[in-house]
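# Inside the fold
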Amino acid sequence: MIGGFFNYRNGVKVTVFLNSLTPKFYVALTGTSSLISGLIFIFEWWYFHKHGTSFIEQVSVSHLRPLMGGTESSISEPGSSSSNSESETSRQNLSECKVWRNPLNLFRGAEYRRYTWVTGKEPLTYYDMNLSAQDHQTFFTCDTDFLRPSDTVMQKAWRERNPPARIKAAYQALELNNDCATAYVLLAEEEATTILDAERLFKQALKAGETIYRRSQQCQHQSPQHEAQLRRDTNVLVYIKRRLAMCARKLGRIKEAVKIMRDLMKEFPPLTMLNIHENLLESLLELQAYADVQAVLAKYDDISLPKSAAICYTAALLKTRTVSDKFSPETASRRGLSTAEINAVEAIHRAVEFNPHVPKVYNLLTAITLTGCATLLYLLEMKSLILPPEHILKRGDSEAIAYAFFHLQHWKRIEGALNLLQCTWEGTFRMIPYPLEKGHLFYPYPSCTETADRELLPTFHHVSVYPKKELPFFIHFTAGLCSSTAMIALLTHQFPEIMGVFAKAVSMISRTCIEYL
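Values in this document were obtained by computation on a predicted structure and should not be read as measured data.

## Points about the pattern of salt bridges
Oppositely charged side chains can form a pair if their charged atoms are brought close together. Counted under the stated rule, the structure contains 20 salt bridges. Residue K250 pairs with E111 through a salt bridge whose shortest N-O separation is 3.1 Å. Taken together, the residues K250 in helix α11 (residues 224-250) and E111 in helix α5 (residues 108-119) connect sequence positions 139 residues apart. Look at K250 and you get partly exposed, because its relative accessible area is 29%. Bridged by salt links that share partners, the residues R108, R166, E190 and E390 form one connected network.

Written out as C-alpha coordinates, the structure is:
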(Lines give C-alpha, C1' and ligand atoms only; values in the text may rest on other atoms or scores of the structure.)
Protein backbone atom coordinates (compact mmCIF):
# COMPACT_ATOMS: atom_id res chain seq x y z
CA MET A 1 0.00 0.00 0.00
CA ILE A 2 2.77 2.43 0.96
CA GLY A 3 4.74 1.68 -2.25
CA GLY A 4 1.63 2.22 -4.38
CA PHE A 5 0.94 5.51 -2.58
CA PHE A 6 4.44 6.84 -3.32
CA ASN A 7 4.21 5.74 -6.98
CA TYR A 8 0.91 7.61 -7.21
CA ARG A 9 2.46 10.76 -5.74
CA ASN A 10 5.44 10.55 -8.14
CA GLY A 11 3.07 10.14 -11.06
CA VAL A 12 1.10 13.17 -9.98
CA LYS A 13 4.30 15.23 -9.71
CA VAL A 14 5.42 14.20 -13.22
CA THR A 15 1.98 15.05 -14.60
CA VAL A 16 2.00 18.45 -12.94
CA PHE A 17 5.51 19.12 -14.25
CA LEU A 18 4.59 18.18 -17.83
CA ASN A 19 1.42 20.31 -17.66
CA SER A 20 3.47 23.29 -16.52
CA LEU A 21 5.76 23.18 -19.60
CA THR A 22 4.90 25.80 -22.20
CA PRO A 23 5.22 25.43 -26.01
CA LYS A 24 8.19 27.81 -25.90
CA PHE A 25 10.07 25.21 -23.88
CA TYR A 26 9.49 22.55 -26.54
CA VAL A 27 10.56 24.96 -29.29
CA ALA A 28 13.76 25.76 -27.40
CA LEU A 29 14.39 22.08 -26.63
CA THR A 30 13.95 20.84 -30.19
CA GLY A 31 15.76 23.84 -31.66
CA THR A 32 18.77 23.28 -29.41
CA SER A 33 18.76 19.57 -30.22
CA SER A 34 18.66 20.37 -33.95
CA LEU A 35 21.55 22.82 -33.60
CA ILE A 36 23.73 20.37 -31.66
CA SER A 37 23.01 17.46 -34.01
CA GLY A 38 23.67 19.76 -36.98
CA LEU A 39 27.08 20.73 -35.59
CA ILE A 40 27.89 17.05 -34.99
CA PHE A 41 26.82 16.26 -38.56
CA ILE A 42 29.04 18.99 -40.02
CA PHE A 43 32.03 17.81 -37.94
CA GLU A 44 31.45 14.16 -38.94
CA TRP A 45 31.25 15.15 -42.61
CA TRP A 46 34.47 17.19 -42.41
CA TYR A 47 36.32 14.47 -40.51
CA PHE A 48 35.23 11.79 -43.00
CA HIS A 49 36.41 13.80 -46.00
CA LYS A 50 39.72 14.63 -44.33
CA HIS A 51 40.56 11.24 -42.79
CA GLY A 52 38.28 8.82 -44.62
CA THR A 53 36.62 7.44 -41.48
CA SER A 54 33.91 8.35 -38.97
CA PHE A 55 35.12 10.12 -35.82
CA ILE A 56 32.38 8.56 -33.67
CA GLU A 57 33.13 5.07 -34.97
CA GLN A 58 36.85 5.58 -34.46
CA VAL A 59 36.35 6.73 -30.85
CA SER A 60 33.97 3.84 -30.20
CA VAL A 61 36.42 1.26 -31.51
CA SER A 62 39.53 2.80 -29.94
CA HIS A 63 38.25 3.80 -26.49
CA LEU A 64 34.77 2.51 -25.68
CA ARG A 65 35.08 -1.08 -26.86
CA PRO A 66 38.17 -1.82 -24.71
CA LEU A 67 36.34 -0.39 -21.66
CA MET A 68 33.38 -2.66 -22.36
CA GLY A 69 35.64 -5.70 -22.74
CA GLY A 70 35.24 -5.96 -26.50
CA THR A 71 38.85 -6.93 -27.10
CA GLU A 72 38.85 -9.96 -24.85
CA SER A 73 36.90 -12.12 -27.25
CA SER A 74 39.35 -11.39 -30.04
CA ILE A 75 42.39 -12.56 -28.08
CA SER A 76 43.76 -15.82 -29.40
CA GLU A 77 46.62 -18.09 -28.58
CA PRO A 78 49.98 -17.15 -30.02
CA GLY A 79 50.08 -20.25 -32.19
CA SER A 80 46.48 -20.12 -33.37
CA SER A 81 45.54 -19.91 -37.02
CA SER A 82 43.71 -16.62 -36.53
CA SER A 83 46.80 -14.84 -35.21
CA ASN A 84 48.87 -16.29 -38.05
CA SER A 85 46.38 -15.12 -40.66
CA GLU A 86 46.28 -11.66 -39.09
CA SER A 87 50.07 -11.40 -39.20
CA GLU A 88 50.08 -12.53 -42.84
CA THR A 89 47.45 -9.95 -43.66
CA SER A 90 49.44 -7.20 -41.96
CA ARG A 91 52.59 -8.21 -43.83
CA GLN A 92 50.66 -8.16 -47.10
CA ASN A 93 49.31 -4.69 -46.32
CA LEU A 94 52.82 -3.44 -45.60
CA SER A 95 54.11 -4.77 -48.94
CA GLU A 96 51.09 -3.38 -50.80
CA CYS A 97 51.67 0.09 -49.37
CA LYS A 98 55.38 0.16 -50.20
CA VAL A 99 56.41 3.37 -51.92
CA TRP A 100 58.69 3.03 -54.95
CA ARG A 101 61.07 5.45 -56.60
CA ASN A 102 59.50 6.87 -59.75
CA PRO A 103 61.73 5.58 -62.59
CA LEU A 104 60.79 8.59 -64.73
CA ASN A 105 61.05 11.27 -62.06
CA LEU A 106 61.74 14.78 -63.31
CA PHE A 107 64.65 17.10 -62.57
CA ARG A 108 64.12 19.38 -59.58
CA GLY A 109 65.90 22.43 -60.95
CA ALA A 110 65.07 22.17 -64.65
CA GLU A 111 61.45 20.98 -64.32
CA TYR A 112 59.92 21.02 -60.84
CA ARG A 113 61.32 24.45 -59.97
CA ARG A 114 60.25 25.92 -63.32
CA TYR A 115 56.72 24.72 -62.56
CA THR A 116 56.87 26.59 -59.25
CA TRP A 117 58.08 29.75 -60.99
CA VAL A 118 55.19 29.65 -63.45
CA THR A 119 52.33 28.58 -61.18
CA GLY A 120 53.49 29.55 -57.70
CA LYS A 121 52.63 26.03 -56.48
CA GLU A 122 54.94 23.45 -54.96
CA PRO A 123 54.66 20.20 -56.97
CA LEU A 124 56.52 18.09 -54.39
CA THR A 125 55.40 17.33 -50.85
CA TYR A 126 57.68 17.26 -47.84
CA TYR A 127 57.06 13.53 -47.47
CA ASP A 128 58.11 12.89 -51.07
CA MET A 129 61.29 14.97 -50.76
CA ASN A 130 62.13 13.32 -47.46
CA LEU A 131 61.93 9.91 -49.14
CA SER A 132 64.26 11.20 -51.86
CA ALA A 133 66.72 12.38 -49.21
CA GLN A 134 66.70 8.89 -47.71
CA ASP A 135 67.29 7.38 -51.17
CA HIS A 136 70.23 9.69 -51.79
CA GLN A 137 71.81 8.76 -48.48
CA THR A 138 71.36 5.07 -49.28
CA PHE A 139 72.70 5.28 -52.84
CA PHE A 140 75.43 7.92 -52.51
CA THR A 141 76.98 7.39 -49.05
CA CYS A 142 78.79 4.60 -47.25
CA ASP A 143 80.76 3.95 -44.07
CA THR A 144 84.09 4.98 -45.62
CA ASP A 145 83.06 8.54 -46.46
CA PHE A 146 85.15 9.87 -43.57
CA LEU A 147 88.28 8.84 -45.50
CA ARG A 148 87.65 11.54 -48.12
CA PRO A 149 86.79 15.07 -46.97
CA SER A 150 84.66 15.75 -50.06
CA ASP A 151 82.49 12.69 -49.35
CA THR A 152 82.11 13.81 -45.74
CA VAL A 153 80.78 17.16 -46.93
CA MET A 154 78.40 15.47 -49.38
CA GLN A 155 77.14 13.14 -46.66
CA LYS A 156 75.98 16.22 -44.77
CA ALA A 157 74.64 17.78 -47.96
CA TRP A 158 72.26 14.87 -48.64
CA ARG A 159 70.83 15.29 -45.13
CA GLU A 160 70.33 19.03 -45.54
CA ARG A 161 66.70 20.12 -45.99
CA ASN A 162 67.35 23.59 -47.41
CA PRO A 163 68.11 23.47 -51.21
CA PRO A 164 70.50 26.48 -51.19
CA ALA A 165 72.44 24.88 -48.34
CA ARG A 166 72.72 21.61 -50.33
CA ILE A 167 74.00 23.48 -53.39
CA LYS A 168 76.49 25.42 -51.27
CA ALA A 169 77.77 22.15 -49.74
CA ALA A 170 78.21 20.67 -53.23
CA TYR A 171 80.47 23.57 -54.23
CA GLN A 172 82.44 23.13 -51.01
CA ALA A 173 82.96 19.45 -51.90
CA LEU A 174 84.20 20.40 -55.36
CA GLU A 175 86.70 22.83 -53.80
CA LEU A 176 88.08 19.93 -51.76
CA ASN A 177 87.99 17.46 -54.68
CA ASN A 178 87.29 18.54 -58.26
CA ASP A 179 86.42 14.91 -59.13
CA CYS A 180 83.59 14.52 -56.61
CA ALA A 181 80.93 12.83 -58.75
CA THR A 182 78.09 13.14 -56.23
CA ALA A 183 78.62 16.92 -56.02
CA TYR A 184 78.08 17.21 -59.77
CA VAL A 185 74.99 15.00 -59.42
CA LEU A 186 73.46 17.30 -56.82
CA LEU A 187 74.17 20.41 -58.90
CA ALA A 188 72.71 18.77 -62.02
CA GLU A 189 69.57 17.79 -60.17
CA GLU A 190 68.90 20.97 -58.22
CA GLU A 191 70.85 23.96 -59.58
CA ALA A 192 70.64 23.41 -63.34
CA THR A 193 67.65 25.33 -64.74
CA THR A 194 67.61 23.63 -68.16
CA ILE A 195 68.05 20.07 -69.37
CA LEU A 196 71.14 21.14 -71.34
CA ASP A 197 72.78 22.46 -68.16
CA ALA A 198 71.85 19.29 -66.32
CA GLU A 199 73.34 17.13 -69.08
CA ARG A 200 76.58 19.11 -69.02
CA LEU A 201 76.94 18.59 -65.26
CA PHE A 202 76.05 14.90 -65.53
CA LYS A 203 78.78 14.44 -68.15
CA GLN A 204 81.28 15.91 -65.70
CA ALA A 205 79.90 13.59 -63.05
CA LEU A 206 80.25 10.63 -65.42
CA LYS A 207 83.92 11.38 -66.05
CA ALA A 208 84.64 11.59 -62.32
CA GLY A 209 82.40 8.61 -61.49
CA GLU A 210 84.07 6.25 -63.98
CA THR A 211 87.50 7.09 -62.56
CA ILE A 212 86.36 6.42 -58.99
CA TYR A 213 84.53 3.23 -60.05
CA ARG A 214 87.64 1.74 -61.71
CA ARG A 215 89.70 2.59 -58.65
CA SER A 216 87.17 0.89 -56.37
CA GLN A 217 87.10 -2.22 -58.55
CA GLN A 218 90.82 -2.68 -58.03
CA CYS A 219 90.52 -2.48 -54.23
CA GLN A 220 87.21 -4.27 -53.67
CA HIS A 221 88.72 -7.47 -52.18
CA GLN A 222 90.94 -5.75 -49.67
CA SER A 223 88.31 -5.32 -46.93
CA PRO A 224 84.54 -5.20 -46.33
CA GLN A 225 84.81 -1.41 -46.28
CA HIS A 226 86.19 -1.41 -49.83
CA GLU A 227 83.31 -3.67 -50.93
CA ALA A 228 80.82 -1.21 -49.48
CA GLN A 229 82.62 1.60 -51.26
CA LEU A 230 82.39 -0.29 -54.56
CA ARG A 231 78.64 -0.74 -54.10
CA ARG A 232 78.28 2.98 -53.48
CA ASP A 233 80.38 3.90 -56.51
CA THR A 234 78.40 1.45 -58.64
CA ASN A 235 75.15 3.10 -57.55
CA VAL A 236 76.55 6.52 -58.39
CA LEU A 237 77.71 5.42 -61.86
CA VAL A 238 74.40 3.72 -62.72
CA TYR A 239 72.44 6.76 -61.52
CA ILE A 240 74.54 9.13 -63.63
CA LYS A 241 74.22 7.05 -66.79
CA ARG A 242 70.50 6.67 -66.31
CA ARG A 243 69.97 10.41 -65.88
CA LEU A 244 72.13 11.06 -68.95
CA ALA A 245 69.85 8.71 -70.88
CA MET A 246 66.83 10.66 -69.62
CA CYS A 247 68.48 13.93 -70.68
CA ALA A 248 69.04 12.52 -74.16
CA ARG A 249 65.41 11.37 -74.29
CA LYS A 250 64.12 14.82 -73.31
CA LEU A 251 66.40 16.53 -75.85
CA GLY A 252 65.13 14.34 -78.70
CA ARG A 253 68.14 12.02 -79.01
CA ILE A 254 66.01 8.96 -78.42
CA LYS A 255 68.23 6.35 -80.09
CA GLU A 256 71.13 7.48 -77.93
CA ALA A 257 68.94 7.17 -74.84
CA VAL A 258 67.87 3.65 -75.83
CA LYS A 259 71.50 2.59 -76.32
CA ILE A 260 72.54 3.91 -72.90
CA MET A 261 69.65 2.09 -71.21
CA ARG A 262 70.34 -1.20 -73.01
CA ASP A 263 74.03 -1.00 -72.08
CA LEU A 264 73.10 -0.32 -68.44
CA MET A 265 70.79 -3.33 -68.31
CA LYS A 266 73.50 -5.57 -69.79
CA GLU A 267 76.31 -4.24 -67.60
CA PHE A 268 74.38 -4.21 -64.32
CA PRO A 269 71.65 -6.89 -64.56
CA PRO A 270 71.23 -7.26 -60.76
CA LEU A 271 69.91 -3.67 -60.48
CA THR A 272 66.44 -4.57 -61.76
CA MET A 273 64.87 -2.86 -58.73
CA LEU A 274 65.73 0.46 -60.38
CA ASN A 275 63.15 -0.38 -63.09
CA ILE A 276 65.34 0.89 -65.93
CA HIS A 277 63.22 -1.22 -68.28
CA GLU A 278 60.34 1.23 -67.75
CA ASN A 279 62.53 4.06 -69.06
CA LEU A 280 63.43 1.82 -72.01
CA LEU A 281 59.76 1.00 -72.72
CA GLU A 282 58.82 4.67 -72.91
CA SER A 283 61.71 5.51 -75.26
CA LEU A 284 60.95 2.57 -77.53
CA LEU A 285 57.31 3.62 -77.72
CA GLU A 286 58.44 7.09 -78.79
CA LEU A 287 60.46 5.44 -81.57
CA GLN A 288 57.37 3.35 -82.42
CA ALA A 289 59.59 0.26 -82.20
CA TYR A 290 56.71 -1.95 -81.15
CA ALA A 291 58.54 -5.23 -81.79
CA ASP A 292 61.29 -4.16 -79.40
CA VAL A 293 58.65 -3.09 -76.86
CA GLN A 294 57.10 -6.56 -77.07
CA ALA A 295 60.52 -8.14 -76.50
CA VAL A 296 61.06 -6.07 -73.34
CA LEU A 297 57.58 -6.97 -72.07
CA ALA A 298 58.23 -10.66 -72.70
CA LYS A 299 61.19 -10.43 -70.35
CA TYR A 300 59.76 -8.27 -67.57
CA ASP A 301 56.02 -9.03 -67.62
CA ASP A 302 56.70 -12.13 -65.56
CA ILE A 303 54.71 -13.54 -62.67
CA SER A 304 57.77 -13.47 -60.40
CA LEU A 305 58.44 -9.76 -60.95
CA PRO A 306 56.47 -6.85 -59.48
CA LYS A 307 53.91 -5.47 -61.88
CA SER A 308 53.47 -1.80 -62.69
CA ALA A 309 51.03 0.38 -64.58
CA ALA A 310 53.67 0.89 -67.27
CA ILE A 311 53.93 -2.85 -67.93
CA CYS A 312 50.20 -3.63 -67.77
CA TYR A 313 49.01 -0.67 -69.83
CA THR A 314 51.82 -1.01 -72.39
CA ALA A 315 50.84 -4.64 -72.92
CA ALA A 316 47.24 -3.47 -73.39
CA LEU A 317 48.37 -0.76 -75.82
CA LEU A 318 50.21 -3.26 -78.03
CA LYS A 319 47.18 -5.53 -78.27
CA THR A 320 44.87 -2.57 -78.77
CA ARG A 321 47.05 -1.28 -81.60
CA THR A 322 46.23 -4.28 -83.81
CA VAL A 323 42.45 -3.71 -83.74
CA SER A 324 41.76 -0.14 -82.64
CA ASP A 325 41.74 1.53 -86.07
CA LYS A 326 38.82 -0.65 -87.26
CA PHE A 327 37.00 -1.12 -83.97
CA SER A 328 33.40 0.06 -83.71
CA PRO A 329 31.11 -0.67 -80.73
CA GLU A 330 28.06 -0.95 -83.00
CA THR A 331 29.77 -3.40 -85.35
CA ALA A 332 31.17 -5.43 -82.46
CA SER A 333 27.72 -5.70 -80.84
CA ARG A 334 26.24 -7.07 -84.09
CA ARG A 335 28.88 -9.59 -85.13
CA GLY A 336 30.62 -10.18 -81.79
CA LEU A 337 34.28 -9.71 -80.93
CA SER A 338 37.06 -11.29 -82.93
CA THR A 339 39.90 -13.17 -81.26
CA ALA A 340 42.23 -10.17 -81.52
CA GLU A 341 39.58 -7.85 -80.07
CA ILE A 342 38.93 -10.24 -77.19
CA ASN A 343 42.65 -10.29 -76.42
CA ALA A 344 42.75 -6.48 -76.47
CA VAL A 345 39.72 -6.18 -74.20
CA GLU A 346 41.15 -8.72 -71.74
CA ALA A 347 44.46 -6.82 -71.70
CA ILE A 348 42.60 -3.58 -70.92
CA HIS A 349 40.65 -5.29 -68.13
CA ARG A 350 43.93 -6.61 -66.70
CA ALA A 351 45.51 -3.16 -66.76
CA VAL A 352 42.47 -1.47 -65.24
CA GLU A 353 42.27 -4.04 -62.46
CA PHE A 354 45.90 -3.43 -61.58
CA ASN A 355 45.50 0.34 -61.46
CA PRO A 356 41.91 1.63 -61.78
CA HIS A 357 42.99 5.25 -61.37
CA VAL A 358 44.27 5.61 -64.93
CA PRO A 359 40.78 5.55 -66.47
CA LYS A 360 37.51 6.85 -65.01
CA VAL A 361 33.81 6.19 -65.07
CA TYR A 362 32.89 7.78 -68.39
CA ASN A 363 29.21 6.97 -68.88
CA LEU A 364 26.97 8.14 -66.04
CA LEU A 365 24.40 5.56 -67.08
CA THR A 366 26.65 2.84 -65.72
CA ALA A 367 26.98 4.49 -62.29
CA ILE A 368 24.96 1.77 -60.54
CA THR A 369 27.07 -1.00 -62.02
CA LEU A 370 30.28 0.84 -61.26
CA THR A 371 29.49 1.69 -57.65
CA GLY A 372 32.77 1.85 -55.77
CA CYS A 373 34.77 3.53 -58.55
CA ALA A 374 35.54 7.19 -57.91
CA THR A 375 38.68 7.32 -60.00
CA LEU A 376 39.74 10.18 -62.21
CA LEU A 377 40.54 9.99 -65.86
CA TYR A 378 43.99 10.79 -67.11
CA LEU A 379 44.31 8.91 -70.39
CA LEU A 380 40.90 10.17 -71.58
CA GLU A 381 41.89 13.69 -70.43
CA MET A 382 38.80 14.28 -68.32
CA LYS A 383 41.08 15.68 -65.63
CA SER A 384 44.18 17.82 -66.00
CA LEU A 385 47.49 16.21 -65.15
CA ILE A 386 49.95 17.47 -62.59
CA LEU A 387 53.67 16.86 -62.47
CA PRO A 388 54.38 13.30 -61.28
CA PRO A 389 55.94 12.91 -57.82
CA GLU A 390 59.42 11.52 -57.22
CA HIS A 391 57.90 8.45 -55.57
CA ILE A 392 54.84 6.46 -56.49
CA LEU A 393 52.57 3.92 -54.87
CA LYS A 394 51.86 1.00 -57.16
CA ARG A 395 48.15 0.64 -57.97
CA GLY A 396 47.63 4.16 -56.56
CA ASP A 397 46.74 7.54 -57.99
CA SER A 398 50.39 8.66 -57.87
CA GLU A 399 51.40 5.81 -60.22
CA ALA A 400 48.50 6.64 -62.54
CA ILE A 401 49.68 10.26 -62.78
CA ALA A 402 53.26 9.21 -63.48
CA TYR A 403 52.17 6.75 -66.17
CA ALA A 404 49.72 9.06 -67.95
CA PHE A 405 52.16 12.02 -67.82
CA PHE A 406 54.65 10.18 -70.04
CA HIS A 407 52.49 7.67 -71.94
CA LEU A 408 49.39 9.66 -72.91
CA GLN A 409 51.07 10.73 -76.15
CA HIS A 410 51.68 7.08 -77.11
CA TRP A 411 47.98 6.22 -76.71
CA LYS A 412 46.95 9.29 -78.70
CA ARG A 413 49.35 8.38 -81.51
CA ILE A 414 47.56 5.09 -82.20
CA GLU A 415 44.27 5.74 -83.95
CA GLY A 416 41.25 4.49 -81.99
CA ALA A 417 43.23 3.27 -78.97
CA LEU A 418 41.62 5.70 -76.52
CA ASN A 419 38.21 5.01 -78.02
CA LEU A 420 38.60 1.27 -77.41
CA LEU A 421 39.83 1.94 -73.87
CA GLN A 422 36.83 4.16 -73.22
CA CYS A 423 34.36 1.60 -74.57
CA THR A 424 35.66 -1.47 -72.78
CA TRP A 425 37.28 -0.71 -69.43
CA GLU A 426 34.06 -0.57 -67.39
CA GLY A 427 33.71 -4.35 -67.63
CA THR A 428 36.49 -4.76 -65.07
CA PHE A 429 34.25 -3.42 -62.31
CA ARG A 430 31.44 -5.76 -63.24
CA MET A 431 33.79 -8.72 -62.76
CA ILE A 432 35.01 -7.44 -59.39
CA PRO A 433 32.05 -6.01 -57.48
CA TYR A 434 33.93 -6.09 -54.15
CA PRO A 435 37.57 -5.21 -55.00
CA LEU A 436 38.72 -4.97 -51.38
CA GLU A 437 37.62 -8.54 -50.66
CA LYS A 438 38.67 -10.34 -53.83
CA GLY A 439 40.46 -9.85 -57.11
CA HIS A 440 40.19 -11.33 -60.59
CA LEU A 441 43.71 -11.43 -62.02
CA PHE A 442 45.57 -9.76 -59.14
CA TYR A 443 45.36 -9.65 -55.36
CA PRO A 444 42.44 -7.72 -53.83
CA TYR A 445 42.87 -4.00 -54.22
CA PRO A 446 44.75 -2.56 -51.19
CA SER A 447 42.78 -0.24 -48.95
CA CYS A 448 45.80 1.86 -47.94
CA THR A 449 46.43 3.66 -51.23
CA GLU A 450 44.44 6.78 -50.40
CA THR A 451 46.47 7.62 -47.29
CA ALA A 452 49.83 7.11 -49.02
CA ASP A 453 48.77 9.06 -52.11
CA ARG A 454 47.66 12.01 -49.99
CA GLU A 455 51.18 12.12 -48.54
CA LEU A 456 52.85 11.87 -51.95
CA LEU A 457 50.65 14.23 -53.98
CA PRO A 458 50.33 18.02 -53.46
CA THR A 459 47.35 19.41 -51.59
CA PHE A 460 45.94 21.22 -54.64
CA HIS A 461 45.42 17.86 -56.38
CA HIS A 462 42.15 16.02 -55.77
CA VAL A 463 43.29 12.49 -54.95
CA SER A 464 41.49 9.70 -56.75
CA VAL A 465 39.94 7.16 -54.38
CA TYR A 466 38.99 3.58 -55.30
CA PRO A 467 36.67 1.99 -54.45
CA LYS A 468 34.19 4.73 -53.62
CA LYS A 469 33.65 4.91 -49.88
CA GLU A 470 30.10 4.76 -48.55
CA LEU A 471 29.15 7.38 -46.01
CA PRO A 472 29.44 6.05 -42.43
CA PHE A 473 26.28 5.23 -40.45
CA PHE A 474 26.77 8.12 -38.02
CA ILE A 475 26.72 10.70 -40.83
CA HIS A 476 23.32 9.39 -41.92
CA PHE A 477 22.19 9.21 -38.27
CA THR A 478 23.22 12.76 -37.36
CA ALA A 479 21.74 14.11 -40.61
CA GLY A 480 18.42 12.40 -39.84
CA LEU A 481 18.50 13.55 -36.23
CA CYS A 482 19.21 17.14 -37.25
CA SER A 483 16.42 17.13 -39.86
CA SER A 484 13.83 15.50 -37.59
CA THR A 485 14.47 17.79 -34.61
CA ALA A 486 14.43 20.85 -36.87
CA MET A 487 11.07 19.72 -38.26
CA ILE A 488 9.67 19.16 -34.78
CA ALA A 489 10.86 22.62 -33.71
CA LEU A 490 9.15 24.18 -36.74
CA LEU A 491 5.89 22.32 -36.09
CA THR A 492 5.98 23.26 -32.40
CA HIS A 493 6.44 26.90 -33.32
CA GLN A 494 3.57 26.84 -35.83
CA PHE A 495 1.14 24.60 -33.88
CA PRO A 496 2.07 24.99 -30.18
CA GLU A 497 -1.15 23.58 -28.68
CA ILE A 498 -1.27 20.45 -30.83
CA MET A 499 2.46 19.72 -30.44
CA GLY A 500 2.20 20.35 -26.66
CA VAL A 501 -0.55 17.76 -26.34
CA PHE A 502 1.43 15.39 -28.55
CA ALA A 503 4.60 15.83 -26.45
CA LYS A 504 2.70 15.22 -23.20
CA ALA A 505 1.09 12.10 -24.64
CA VAL A 506 4.45 10.74 -25.79
CA SER A 507 6.00 11.50 -22.38
CA MET A 508 3.16 9.76 -20.53
CA ILE A 509 3.34 6.71 -22.78
CA SER A 510 7.12 6.52 -22.35
CA ARG A 511 6.82 6.81 -18.55
CA THR A 512 4.18 4.09 -18.47
CA CYS A 513 6.34 1.76 -20.55
CA ILE A 514 9.34 2.36 -18.31
CA GLU A 515 7.31 1.70 -15.14
CA TYR A 516 5.93 -1.49 -16.68
CA LEU A 517 9.43 -2.72 -17.48
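Additional details are given in the paragraphs that follow.
## Here we look at the environment of K438
By the secondary structure assignment, K438 is in the loop between α20 (427-431) and α21 (449-456). Not counting chain neighbours up to four residues away, the residues in contact with K438 comprise M431, I432, P433 and P444.

## Overview of the side chain of K307
Secondary-structure assignment places K307 in the loop between α14 (290-300) and α15 (309-321). On the basis of relative accessibility, which here comes to 14%, the residue K307 falls in the buried class. In contact with K307, other than residues within four places in its own chain, are D301, D302, C312, R350, F354, K394 and F442.

## What to know about the side chain of S464
With respect to the helices and strands, the residue S464 is situated in the loop between α21 and α22 (473-494). Of the polar contacts made by the side chain of S464, one reaches the side chain of H357; its length is 2.8 Å.

## Concerning unusual backbone geometry
Backbone geometry at Q288 places phi at a positive 60 degrees, although glycine is not the residue there. Looking at the element boundaries, Q288 is found in the loop between α13 (276-287) and α14. Residues other than glycine seldom take positive phi values, yet R395 does so here, at roughly 75 degrees. As for its placement among the helices and strands, R395 is situated in the loop between β2 (391-393) and α18 (397-413).

## Quick notes on the nonpolar core
The biggest cluster of nonpolar side chains holds 89 residues, and the ones touching the most others in it are M154, V185, F202, I240, Y313 and W411. A total of 10 residues in this core trace back to one element, the largest contributor, which is α11. Not counting residues up to four positions away in its chain, the partners in contact with I240 are A181, V185, F202, A205 and L206. The next biggest cluster of nonpolar side chains, apart from the first, holds six residues, and it includes L104, L106, L124 and F406.

## With respect to helix α8 (residues 163-176)
Its 14 residues place the ends of α8 20 Å apart at the C-alpha level, agreeing with the 20 Å of an ideal helix rising 1.5 Å per residue. Buried residues of α8: R166, I167, A169, A170, A173 and L174, and no others. Buried residues of α8, viewed axially, fall in a sector of 160 degrees; they line one side. Of the exposed residues in α8, those oriented more than 90 degrees away from the buried face are P164, K168, E175 and L176.

## So, a nonpolar patch on the surface
Taken together, the side chains of M487, L490, L491, F495 and I498 define a hydrophobic patch exposed on the protein surface, amounting to about 480 Å² of accessible area. At three residues, α22 tops the list of elements feeding residues into the nonpolar patch. Of note, L491 is situated in helix α22. Its relative accessible area of 32% is what places L491 among the partly exposed residues.

## Some words on the packing of α11 against α13
Put simply, α11 and α13 touch, their axes get as near as 11 Å, and they point 20 degrees apart. Taken as axis vectors, α11 and α13 run roughly parallel relative to one another. Note on packing geometry: the crossing formed by α11 with α13 is left-handed. Contacts between α11 and α13 involve V238, R242, M246 and R249 on the former and, on the latter, I276, N279, E282, S283 and E286. A class-by-class count of the residues in the contact of α11 with α13 yields three nonpolar, two polar and four charged.

## Section: the packing of helix α7 (residues 149-159) against α8
Running from N to C, α7 and α8 point in directions that differ by 175 degrees, and their axes come no closer than 8 Å. Comparing the axis directions of α7 and α8 gives the class roughly antiparallel. The segment α7 lies against α8, with P149, S150, V153, M154 and A157 engaging R166, A169, A170, Q172, A173 and L176. Of the residues that constitute the contact of α7 with α8, the class distribution is eight nonpolar, two polar and one charged.

## Quick look at the packing of aromatic side chains
Taken as a whole and judged by the stated rule, the model has seven aromatic pairs. An aromatic cluster of at least three residues, connected via ring pairs, comprises F139, F140, W158 and Y239. A cation over a ring is seen here: K98 above W100, with NZ or CZ 4.3 Å from the ring centre. Above the face of the W100 ring, K394 is positioned so that its terminal group lies 4.1 Å from the ring centre.

## Topic: the confidence of the model for the protein chain
This prediction gives the protein chain a mean pLDDT of 78; 76% of its residues lie at or above 70. Low pLDDT, under 50, characterises residues 361-376; the stretch is placed with 40 contacts to residues that sit more than four places away or in other chains.

The rules behind the values
Residues numbered from 1 in each chain as written. Predicted model: local features only at pLDDT ≥ 70, side-chain atom pairs only at ≥ 80, totals over all residues. Heavy atoms only, no water. Salt bridge = Lys/Arg side-chain N within 4 Å of Asp/Glu carboxyl O. Helix = DSSP H or I, 4+ residues; strand = E, 2+ residues; numbered from the N terminus. Buried < 20%, exposed > 50% of the residue type's maximum accessible area, 1.4 Å probe, protein only. Contact = heavy atoms within 4.5 Å. Polar contact = N/O pair within 3.5 Å; in protein donor to acceptor, adjacent residues only side chain to side chain. Core = buried A, V, L, I, M, F, W, Y, C linked by side-chain atoms within 4.5 Å. Expected span 1.5 Å × (residues − 1). Arc of directions from axis to C-beta. Patch = residues over 30% accessible without salt bridge, like charges linked within 9 Å, V, L, I, M, F, W, Y side chains within 5 Å. Areas by Shrake-Rupley, 256 points an atom, 1.4 Å probe, with all protein chains shown as cover. Axes fitted to C-alpha atoms, helices over the stretch in contact; angles between N-to-C directions. Parallel < 35°, antiparallel > 145°, perpendicular 65-115°, else oblique. Left-handed = near helix turned anticlockwise from the far one by under 90°. Nonpolar A, V, L, I, M, F, W, Y, C, P; charged D, E, K, R; others polar. Phe/Tyr/Trp six-rings, centres within 6.5 Å; stacked < 30°, edge-to-face > 60°. Lys NZ or Arg CZ within 6 Å of the ring centre and 35° of its normal. pLDDT = per-residue confidence, 0-100.

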